[in-house]
Amino acid sequence: MENRSFTYDVLKEIQNRWSPRAFDAQKEVSREDLMALMEAARYAPSCMNEQPWSYIVGQRGSTVFAGIEAALSDSNVEWAANASALMVILSKEQFSHNDRSNRWHLFDAGTSWGYLSLEAQKRGLITHAMGGFAADQIRTTFAVPNGVAVIAAVAIGYYGRREDLSEAMAAREKPSPRKPLDEMLFIPLED
Ligand SMILES: Cc1cc2nc3c(=O)[nH]c(=O)nc-3n(C[C@H](O)[C@H](O)[C@H](O)COP(=O)(O)O)c2cc1C
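Residues numbered from 1 in each chain as written. Predicted model: local features only at pLDDT ≥ 70, side-chain atom pairs only at ≥ 80, totals over all residues.

Undergrad: What should I look at first to understand the overall build of the protein in this one?
TA: A count of helical and extended segments in the protein gives seven helices and four strands. Along the protein, helices and strands appear, N-terminal first, in the series α-α-β-α-α-β-α-β-α-β-α. For the protein, buried positions account for 28% of its 191 residues. (Helix = DSSP H or I, 4+ residues; strand = E, 2+ residues; numbered from the N terminus. Buried ≥ 20, exposed ≤ 12 C-beta atoms within 10 Å, placed from the backbone.)

Written out as structure tokens, the structure is:
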């Protein structure tokens with residue numbers, strides 16, 4: 001796959017996951033698959049087992065889907081409207097057990113979406129996270145209370161046809177590269 005090379009034999013789902021835009025507008029994602037993705041997200045580890053994440057999920061054609069779609073930026077809605085489902089990841093900012101600020105809530109919510117994306121990959125689904133949307137609009141539309149952060153949107157569905165993308169989007173339709181492995185280590189591993 002373009003831009004992908006692995007030195008180590010990591011999970012196939014990690015090797016094959018990327019963020020496409022060519023969603024198949026004809027395909028639907030089953031309730032079973034969507035709930036399985038929720039289950040994968042559910043079993044992410046979290047600080048104090050707080051599980052700060054929650055999800056707004058809607059299949060295409062639903063009012064929830066329309067509400068999320070309406071908040072997406074123009075450049076995202078162009079392709080994400082073809083997804084079979086849209087979701088928004090929320091996260092509670094304070095610990096439930098003592099009402100103190102939970103400094104790790106975003107870390108934990110990110111882990112849960114990571115789990116979800118790999119389960120999706122295993123099920124033949126594609127996922128594409130999006131920061132380009134109006135978080136305030138999501139808060140209003142779905143009555144998300146203060147203290148719950150609106151973090152990211154995700155498009156979920158099946159791969160369609162690259163040819164159906166606009167020229168600008170088709171040019172970007174490939175996995176993003178990664179920095180070299182060595183650069184990840186803030187301090188090189190000792191021998
Ligand atoms: C939090 C987050 C926000 C993102 N926002 C957008 C977005 O608004 N629009 C978009 O097309 N891609 C978006 N992406 C996709 C990233 O560009 C993509 O994941 C990154 O380039 C790595 O590529 P890969 O997922 O294909 O490996 C986002 C990804 C994440 C995790």
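Undergrad: Even after reading the chapter, I still don't get helix 5 (residues 105–122), so can you show me in this structure?
TA: For the α-helix, the turn length of 3.6 residues means that residues three or four positions removed from each other point alike. For helix 5, spanning 18 residues, the distance from its first C-alpha to its last is 26 Å, which sits close to the expected 26 Å at 1.5 Å a residue. If you check which residues of helix 5 are buried, you get His-105, Asp-108, Ala-109, Ser-112, Trp-113, Leu-116, Ser-117, Glu-119 and Ala-120. Contact partners of the buried residues in helix 5: helix 2 (31–42), strand 1 (53–59), strand 2 (85–92), strand 3 (126–130) and strand 4 (148–157). (Expected span 1.5 Å × (residues − 1). Contact = placed C-beta atoms within 7 Å.)

Undergrad: I would appreciate a short explanation of the pairing of strand 2 in the present structure.
TA: If a strand is regular, its side chains alternate between the two faces of the sheet. When you tally the buried positions in strand 2, you get seven out of eight residues, the bulk of the element. Both strand 1 and strand 2 contribute to a ladder of seven bridges, which runs antiparallel. When the sheet's bridge partners are listed, Ser-54 is paired in strand 2 with Leu-90. Note that strand 2 and strand 4 share eight bridges and pair antiparallel. Looking at the pairing, Met-87 lines up with Val-154 of strand 4. (Pairing = 2+ DSSP bridges.)

Undergrad: Just checking my understanding: could you explain the site of the ligand for this structure?
TA: With respect to spatial proximity, the complete set of residues near the ligand consists of Trp-18, Ser-19, Asn-76, Ala-129, Met-130, Gly-131, Gly-132, Ala-152, Pro-175 and Ser-176. Across the shell around the ligand, the residue classes break down as five nonpolar, five polar and no charged. (Near = placed C-beta within 6 Å. Nonpolar A, V, L, I, M, F, W, Y, C, P; charged D, E, K, R; others polar.)

Undergrad: I'm lost on the environment of Ala-41 in this one. Help?
TA: The residue Ala-41 is located in helix 2 in this model. As for Ala-41 and Ser-112, which are separated by 71 residues in sequence, their C-alpha atoms are 4.3 Å apart. Those residues within four positions of Ala-41 in sequence are excluded, and the remaining contacts are Trp-53, Tyr-55, Ser-112, Trp-113, Tyr-115 and Leu-116.

Undergrad: What's the story with the packing of helix 2 against helix 5 in this structure? I'm lost.
TA: Relative orientation and spacing of two packed helices are given, respectively, by the angle between their axes and the distance between those axes. Following both chains from N to C, one finds helix 2 and helix 5 inclined at 140°, their axes separated by 7 Å at the closest point. Of the possible angle classes, the one that applies to helix 2 and helix 5 is oblique. In the packing of helix 2 onto helix 5, the handedness of the crossing is right-handed. From helix 2, Ala-36, Leu-37, Ala-40 and Ala-41 reach across to helix 5, where they touch Ser-112, Trp-113, Tyr-115, Leu-116, Glu-119 and Ala-120. Across the contact of helix 2 with helix 5, the residue classes tally to eight nonpolar, one polar and one charged. (Axes fitted to C-alpha atoms, helices over the stretch in contact; angles between N-to-C directions. Parallel < 35°, antiparallel > 145°, perpendicular 65-115°, else oblique. Left-handed = near helix turned anticlockwise from the far one by under 90°.)

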